Amino acid sequence: MRLRTTLCGRSPYGMALGAALLVSAALTLTPASPAQAGPVDPHKAPGRCNTDPDAHLGAVPAPEQFFGFPLGKGQPRVLTTEEIGKYVEAVGGASDRVVTGTVAHSVTGQDLPYAIVSDSHNMVPGQLKKIADQIRSLRDPRSLRADKAARIAEDSPAVVWIAGNVHGGEKSGADAALKTLYELASGLSCDVAKRNDNLVTVIMPTQNPDGRDASRRTNEYGFDLNRDWFARTQPETDGKLEMLRRYPPQVFVDAHEMGGRQYFFPPNADPIHHEIADQPVNWINRIGAANAAGFGYNGACGDAVTTECYFNYATYDLFYMGYGDSVPAAGFGAAGMTFEKGSSSAVEDRVQQQFNTQWATTGWAADNRREVLNGYYSIWQTALAEGPPAPWSRTRSSSRRTPSGSRCPTSRSGRTSCCPTGSSATCAGWSSGCAAWTSRSTG
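Because the structure is a prediction, the values reported are computed rather than measured.

What counts as what
- Residues numbered from 1 in each chain as written.
- Predicted model: local features only at pLDDT ≥ 70, side-chain atom pairs only at ≥ 80, totals over all residues.
- Heavy atoms only, no water.
- Helix = DSSP H or I, 4+ residues; strand = E, 2+ residues; numbered from the N terminus.
- Buried < 20%, exposed > 50% of the residue type's maximum accessible area, 1.4 Å probe, protein only.
- Areas by Shrake-Rupley, 256 points an atom, 1.4 Å probe, with all protein chains shown as cover.
- Expected span 1.5 Å × (residues − 1).
- Salt bridge = Lys/Arg side-chain N within 4 Å of Asp/Glu carboxyl O.
- Polar contact = N/O pair within 3.5 Å; in protein donor to acceptor, adjacent residues only side chain to side chain.

**Remarks on the overall build of the protein**
Part 1: Helix and strand counts for the protein stand at 13 helices and twelve strands.
Part 2: In the protein, buried positions account for 56% of the 443 residues.
Part 3: For the protein, the accessible surface area stands at approximately 16800 Å², while carbon and sulfur atoms represent 52% of it.

**Digging into helix 13 (residues 369–386)**
Part 1: Counted at 1.5 Å a residue, the expected span for helix 13 with its 18 residues is 26 Å, and the 26 Å between its end C-alpha atoms agrees.
Part 2: What helix 13 keeps buried is the set Arg369, Val372, Leu373, Gly375, Tyr376, Tyr377, Ile379, Trp380, Ala383 and Glu386.
Part 3: Just downstream of helix 13, Gly387 is the residue with a positive phi angle, here 80°.

**Here's the deal with the environment of Gly260**
Part 1: Mapped onto the secondary structure, Gly260 falls in the loop between strand 6 (251–258) and strand 7 (263–264).
Part 2: Once the C-alpha coordinates of Gly260 and Ser343 are considered, the two residues, 83 residues apart in sequence, prove to be 6.1 Å apart.

**Concerning the pattern of salt bridges**
Part 1: Across all of its chains, the model carries 23 salt bridges by this definition.
Part 2: For Asp349, the salt bridge is made with Lys73, and the minimal N-O distance between the two is 2.9 Å. Of this pair, Asp349 sits in helix 12 (residues 347–367) while Lys73 is found in the loop between helix 2 (63–67) and helix 3 (81–94), placing the two residues 276 residues apart along the sequence.
Part 3: Take Lys73: its relative accessible area is 44%, and that puts it in the partly exposed class.
Part 4: Asp224 is paired through a salt bridge with Arg227; the nearest N and O atoms lie 3.4 Å apart.
Part 5: Here the residues in one salt-bridge network are Glu170, Arg217, Asp224 and Arg227, joined through shared partners.

**What about the environment of His121?**
Part 1: Within the secondary structure layout, His121 lies in the loop between strand 3 (111–117) and helix 4 (127–137).
Part 2: For His121, a relative accessible area of 46% corresponds to the partly exposed category.
Part 3: For His121 and Arg97, which are 24 residues apart along the polypeptide, the C-alpha to C-alpha distance reads 8.0 Å.
Part 4: Polar contacts involving the side chain of His121 include one to the side chain of Asp119, which spans 2.4 Å.
Part 5: Of the polar contacts made by the side chain of His121, one reaches the side chain of Asn122; its length is 3.2 Å.

Structure below.
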């Protein structure tokens, strides 16, 4: 949850390249046919995928085996920080699709574990580094020709991040991320194979282990880590940013909780920051449609449906450049998204709904991998073509620069204008009379 502030004004790219150079400054760093009947090696996936969605590698510990209960439906309690770390390590040791490590250490010295999962041929020595190098190269069209970029988009997996629990008391996203990890690490279905063939998925279950242990929003220093993306004052933050530089995402999920028993996923409320490119906004909106289709439960909230349902276009905008959706979107060109689940729901429903949206999101990314990678390269091409950012007195529209005094741009979330209804003010730079500051208690 977070406190939002809204302000009119946006354009598509602007300082995108400058933001990319800033965040990268420290860097040096179709479904197959069904499987034939017969015995399955418990340690290695067969050459073809299985039509049975419940088929898994026996060597990879299932949550029921490891914890004594399932994750999602049937889950009686949330996991401890220690359980999360041990499970990530166990899955990494049992699956040739997974590599694990530590992103950073918390104030008290706890590990922030991560797992990277993809098809086993992407995880052999040197291949994962090659994929990461290729994705990073798409961010600089000055040194990568368009024909080479097209070949990367044709051949390379896209990078998807799933990060949870940046607010320590908002725990369900971390548990769901482990369910996603298990499915990708051990599943034998064609649904899993599609994701692993087309994606490298980086899973960071908890960004705030000290806060999780204390069921507290902040880290041990009392700092809200979802306000530290740009300030970078806390030890948990820099390791995460370095990992993002090594594996730049095209899709980034930041899993939160809020009050009540509903669920939010984008499309976002207005405003959308003018320096976020059109491509990720388009991807975000389309991922929202995929999440709606895969959500289950009571579907969309409405007059007759008010619990265990989803909503969008409200409360959660994409404006402030300091959150786990807007920083990946503006700084890395990703479809950065906040997912918010109501904390009053039962544990099993909170975790299952977080998993459903994570699974739908990775499915969309796998289905649209080539388009996303081509668009990712285009973001930085456009940023170069636009040149350096304009002086603050100059105005940008949602698609290109416009003369000072032009009308406020219309919404790119696909819904409404960012300006107050009936306003006749103009968006002349940052002194726009169209500015409307509103505060919301949000994630």
